[in-house]
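# What the coordinates show
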Amino acid sequence: MYVLRLRPGRLVLRQLRRILAEPVRLKLDSASVGGIETSAQVVADVIAAGHAVYGVNTGFGLLANTRIEADELETLQRAVVLSHAAGVGEPLPESTVRLLMVLKINSLARGLSGVRIDVIDALSSLLAAEVYPVIPAKGSVGASGDLAPLAHMSAVLLGEGEVVHRGERFAAAEGLRKAGLKPMALAPKEGLALLNGTQVSTALAIEGLLAAENALAAAAVTGALSVEASRASRAPFDARIHAARGHRAQCDMAAAYRRLLDRSQIAESHRNCGKVQDPYSLRCQPQVMGACLQQLRNAADTVLAEANAVSDNPLVFGAGGDIVSGGNFHAEPIAMAADGLALALAEIGALSERRVALLIDSEMSGLPPFLVENGGVNSGFMIAQVTAVALASENKSLAHPACVDSLPTSANQEDHVAMATFAARRLGEMYENTLGILAVEWLAACQGLDFLRPLRTSAKLEAAREQLRQVVPFYDKDRYFAPNIAAAVKLIRQGVLLEALHPDCRL
């Protein structure tokens, strides 16, 4: 189990990767406890003074002007959690729930939410015991935060809902028992602090970001393999070309291709071939993939800021005793970041599919038609390319920006929403589509390389070919094709090509 000393507001991407990968036990930095207690005391003082403050002793949304009497404040917090737990769909994966719980704890522990340390400790205990709330994937519009999914998370603290523990599903009360907890009563503002926030959208966006990084790395390798298999020119990767344009990400990707292609017998064999230009899917890889890398870098900045943000409402500023209502729950930054990642995933897949089409076309690649001997009897990679086309086309539809598709909620009080949760969640489907396309290209490019034997490519690309050939043999005649794609997808998903990409192009 990963033991993380949590310094609120200072999570880094390396830690977020590990939280997704394995169970985690949090050790809260003791320096943060004072701020947490101060903010909780501010809320208590407001109640004692009889002041009306949104979310503390008023209703919510359009009911914000409704004053709640002191003897109903505990009921108010419980009611808001239970009424907002209205999600639908399949549960989020345990890894996603684990990450979003850490993000929520990280936010609350900043000491600006007015919650007691008991709430933070309870969430931490669930994490340490590997007891994860069952959270339906659908039902959030990303403002006011991820209300429905976070309500399902929070309901478990009340003994309501369900949990998953090491693959088994239990009632929430049993889950609390396994974590050494009992159902708790929430103090004023705590229900709203738990429900408000962008942690679900942000967790999904972080997953999408790391998936896109893996896809980018795999596409760089498969694209370089296609350069070799089609005996394309090295000239488009010349550093001077990219320096002249000046985009750092483009320059970084061009350098990555040069490293992948370095010292190749295949390149030497056609050095004086007279070919002037190659199709864009080969020679414009640094430009397109550089633009995709820039989208990843932009998204990384945004999601890391949001992972460390306080995004509930209102906020409690202990130093001045102020409780101020604003709109940090609006997940537009995450929605736009996720939309950028969607564009990158769509383009990574689109460019890869075009290279597959080039490789199977003997007029373009100089290789046997459909990359198989005895064509006519054998269809080779004909329908594998059709599959790549189908996946690329799906990604085009999924890449439509979600952030522009707002619909008002809460009787028009919440009249513009972010749709950030869907924006981030759909990245998972796009990633799976892109893996399928890249798997087909990996198979096709290695098939092309084998037709060029005994000539060999660079050491890095030979290693990539060998990784594939350990599980998928040369396609000498037609056979059941789907398992070949599945085997290649599995390898890419495991990240076997990620290390081939130079650190300058990693997040």
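Above this text sits the structure in question.
Now for a description of the structure that goes with this document.

Cut-offs applied
- Residues numbered from 1 in each chain as written.
- Predicted model: local features only at pLDDT ≥ 70, side-chain atom pairs only at ≥ 80, totals over all residues.
- Heavy atoms only, no water.
- Helix = DSSP H or I, 4+ residues; strand = E, 2+ residues; numbered from the N terminus.
- Buried < 20%, exposed > 50% of the residue type's maximum accessible area, 1.4 Å probe, protein only.
- Contact = heavy atoms within 4.5 Å.
- Areas by Shrake-Rupley, 256 points an atom, 1.4 Å probe, with all protein chains shown as cover.
- Lys, Arg positive; Asp, Glu negative; His and termini not counted.
- Charge placed at Lys NZ, Arg CZ, Asp CG, Glu CD.
- Expected span 1.5 Å × (residues − 1).
- Pairing = 2+ DSSP bridges.
- Axes fitted to C-alpha atoms, helices over the stretch in contact; angles between N-to-C directions.
- Phe/Tyr/Trp six-rings, centres within 6.5 Å; stacked < 30°, edge-to-face > 60°.
- Disulfide = S-S within 2.5 Å.
- Salt bridge = Lys/Arg side-chain N within 4 Å of Asp/Glu carboxyl O.
- Patch = residues over 30% accessible without salt bridge, like charges linked within 9 Å, V, L, I, M, F, W, Y side chains within 5 Å.

## Here's the deal with the overall build of the protein chain
- Along its length, the protein chain carries 20 helices and nine strands.
- Reported as C-alpha extents along the three principal axes, the dimensions of the protein chain are approximately 85 × 50 × 45 Å.
- Evaluated residue by residue, the protein chain yields a buried proportion of 56% over its 507 residues.
- In the protein chain, 78% of the contacts between residues at least 6 apart in sequence involve partners at least 24 apart.
- Looking at the protein chain as shown, the accessible area adds up to about 20600 Å², and 53% of this sits on carbon and sulfur atoms.
- Mean positive and mean negative side-chain charge positions of the protein chain (48 and 52 charges, respectively) differ by 8 Å.

## Thoughts on the side chain of Thr96
- Take Thr96: it is sitting in helix α4 (residues 94-108).
- Judged by its relative accessible area of 0%, Thr96 is buried.
- Setting aside residues up to four positions removed in sequence, Thr96 forms contacts with Leu20, Ala203, Leu204 and Glu207.

## Considering helix α11 (residues 248-261)
- Over its 14 residues, α11 extends 20 Å from the first C-alpha to the last, a length consistent with the 20 Å expected when each residue adds 1.5 Å.
- With respect to burial, α11 is a largely interior element, 10 of its 14 residues being buried.
- Those residues of α11 that fall on the buried side of the exposure criterion are Ala249, Gln250, Asp252, Met253, Ala254, Ala255, Ala256, Tyr257, Leu260 and Leu261.
- Following α11 by one or two positions, Arg263 adopts a phi angle in the positive range, close to 65°.

## Points about the side chain of Asn106
- Summarising the element assignment, Asn106 is placed in helix α4.
- On the basis of relative accessible area, Asn106 is assigned to the buried category, the value being 0%.
- Leaving out residues up to four positions away in the same chain, Asn106 has contacts with Leu6, Arg7, Pro8, Gly9, Arg10, Leu11, Ala307 and Asn308.

## Thoughts on unusual backbone geometry
- Put simply, Asn313 and Pro314 share a cis peptide bond, and its omega is -5°.
- By secondary structure assignment, the location of Pro314 is in the loop between α14 (285-307) and β8 (315-317).
- Looking along the chain, the bond that leaves Arg453 and enters Pro454 is cis, with omega of 15°.
- Turning to its location among the elements, Pro454 is positioned in the loop between α18 (420-451) and α19 (459-469).
- With a phi close to 50°, Arg231 is a non-glycine residue in the positive phi region.

## Notes on the pairing of strand β6 (residues 162-165)
- In the sheet, strand β4 (residues 131-133) pairs with β6 via three bridges, with the strands oriented antiparallel. Of the residues in β6, the one forming a bridge with Pro133 is Val163.
- In textbook terms, the turn of a hairpin is the stretch between consecutive antiparallel strands, and for β6 and strand β7 (residues 168-171) this stretch comprises two residues, one of which, Arg166, has a positive phi near 50°.

## A closer look at the sheet that holds β4
- Across the sheet, which stays open at both edges, the three strands sit in the order β4-β6-β7 with antiparallel pairing between neighbours. Two strands bound the open sheet, and with one partner strand each, they are β4 and β7. The sheet shows a mean angle of 35° between the axes of neighbouring strands, taken without regard to direction.

## Comments concerning the packing of aromatic side chains
- One pass over the full model with this rule turns up five aromatic pairs.
- Ring plane angle 65° and centroid distance 5.7 Å describe the contact between Phe381 and Tyr475, whose orientation is recorded as edge-to-face. You can see Phe381 sitting in the loop between α16 (362-365) and α17 (382-398) and its partner Tyr475 sitting in the loop between α19 and α20 (482-493), a full 94 residues away along the chain. An identical accessibility class is assigned to Phe381 and Tyr475; each is buried.
- Relative accessible area serves as the criterion here: at 3%, Tyr475 is assigned to the buried category.
- Members of the aromatic cluster, each reached through a chain of ring pairs, are Phe381, Tyr475 and Phe481.

## Thoughts on the state of the cysteines
- Under the criterion given, the structure shown has zero disulfides.
- Take Cys292: it sits in no disulfide, and the sulfur closest to it among the cysteines is that of Cys505, at 12 Å.
- The closest cysteine sulfur to the non-disulfide-bonded Cys505 is located on Cys251, 11 Å from its own sulfur.

## With respect to the pattern of salt bridges
- Following the criterion strictly, the structure yields 28 salt bridges and no others.
- Residue Arg166 is joined to Glu130 by a salt bridge in which the shortest nitrogen-to-oxygen separation is 3.4 Å. Of this pair, Arg166 sits in the loop between β6 and β7 while Glu130 is found in the loop between α5 (117-128) and β4, placing the two residues 36 residues apart along the sequence.
- Between Glu462 and Arg456 there is a salt bridge, with the nearest N and O atoms lying 3.3 Å from each other.
- Residue class for Glu462 comes out buried when judged on its relative accessible area of 13%.
- Looking at Arg456, the relative accessible area reads 41%, which means it is partly exposed.
- Where salt bridges share partners, they join Arg17, Glu213, Glu499 and Arg506 into one cluster.

## Some thoughts on a nonpolar patch on the surface
- Side chains of Met382, Ile383 and Val386 sit close together on the surface and give an oily, nonpolar patch of about 240 Å² of accessible area.
- Take Met382: its relative accessible area is 31%, and that puts it in the partly exposed class.

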